[in-house]
Amino acid sequence: VIKVTKGGKKLSVRVLVVVGDGKGKVGVGIAKGDDIHSALKKAKNDGIKNLIKLPITKSLSIPHLVYGQFKACKVLLRPSIEGSGVVAGGAIRSVIEITGIKNIIAKQLGSSNLMNNARATIIAFNNLTTPFEIAKKRGIPLENCFFKK
């Protein structure tokens, strides 16, 4: 973005960075700076601060269907069978691929803003739970969590 001031033109850059390890950790960082190098450095540090850990299944997918919403962007993430690949577009695809998830179906609803979609994807990932967490929350053994005897 170039802002014209009394002293001349002032250049400003805004950067979106997705950081992850490919094994279930991912974070999104956004920063502004006077040049690209400083903005990238700030955004990378912001992404590292906001790292989250995801539960990934044996088939390199997510455990269950999940929604995420940030401002006007809504994201739907659905587990998929092995071999289907990543079916997603835009910023959602970038965030998913960095996590190490290989089989997932994603749909962006509402706004197509890249930054808000990346944040909505992270919120959706935060909503993921495992059967162990559900059993612990309910205070019952894992065997009694989903199956009736």
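See the structure printed just above.
Please read all numbers here as calculations on a predicted model, not as lab measurements. (Residues numbered from 1 in each chain as written. Predicted model: local features only at pLDDT ≥ 70, side-chain atom pairs only at ≥ 80, totals over all residues. Heavy atoms only, no water.)

### Examining the sheet that holds strand β7 (residues 73-79)
Argument step 1. The strand order β6-β7-β9-β8 describes an open sheet built from 4 strands, whose pairing is mixed. Of all the strands in the sheet, just β6 (66-70) and β8 (86-87) have a single pairing partner and so form its edges.
Argument step 2. Helix-sheet contacts for helix α3 (residues 114-126) involve β6, β7 and β9 (104-110), and the interaxial angle to β6 is about 140 degrees. (Pairing = 2+ DSSP bridges. Helix = DSSP H or I, 4+ residues; strand = E, 2+ residues; numbered from the N terminus. Contact = heavy atoms within 4.5 Å. Axes fitted to C-alpha atoms, helices over the stretch in contact; angles between N-to-C directions.)

### Considering the nonpolar core
Argument step 1. Within the largest apolar cluster, 24 residues are counted, with the highest numbers of intra-cluster contacts made by Ile62, Leu77, Ile96 and Phe125.
Argument step 2. Sorting the residues of this core by element identifies β4 (25-33), β7, α2 (90-99), β9 and α3 as the ones contributing at least two each.
Argument step 3. The biggest single contributor to this core is α3, with 5 residues.
Argument step 4. When residues no more than four places from it in sequence are discounted, the contact partners of Ile96 are Leu77, Val86, Ala88, Ile101, Ile104, Ala106 and Phe125.
Argument step 5. Judged by nonpolar contacts, the second largest core, of 7 residues, contains Val13, Val19, Ala39 and Ala43. (Core = buried A, V, L, I, M, F, W, Y, C linked by side-chain atoms within 4.5 Å. Buried < 20%, exposed > 50% of the residue type's maximum accessible area, 1.4 Å probe, protein only.)

### Details of the packing of α2 against α3
Argument step 1. Packing of α2 against α3 brings their axes to within 8 Å, and their N-to-C directions diverge by 45 degrees. Compared by their axis directions, α2 and α3 come out oblique. Considering only the axes of α2 and α3, their crossing is right-handed. Judged by residue contacts, Ala91, Ile92, Val95, Ile96 and Thr99 of α2 engage Leu114, Asn117, Ala118, Thr121, Ile122 and Phe125 from α3.
Argument step 2. Considering only residue class, the contact of α2 with α3 consists of 8 nonpolar, 3 polar and no charged. (Parallel < 35°, antiparallel > 145°, perpendicular 65-115°, else oblique. Left-handed = near helix turned anticlockwise from the far one by under 90°. Nonpolar A, V, L, I, M, F, W, Y, C, P; charged D, E, K, R; others polar.)

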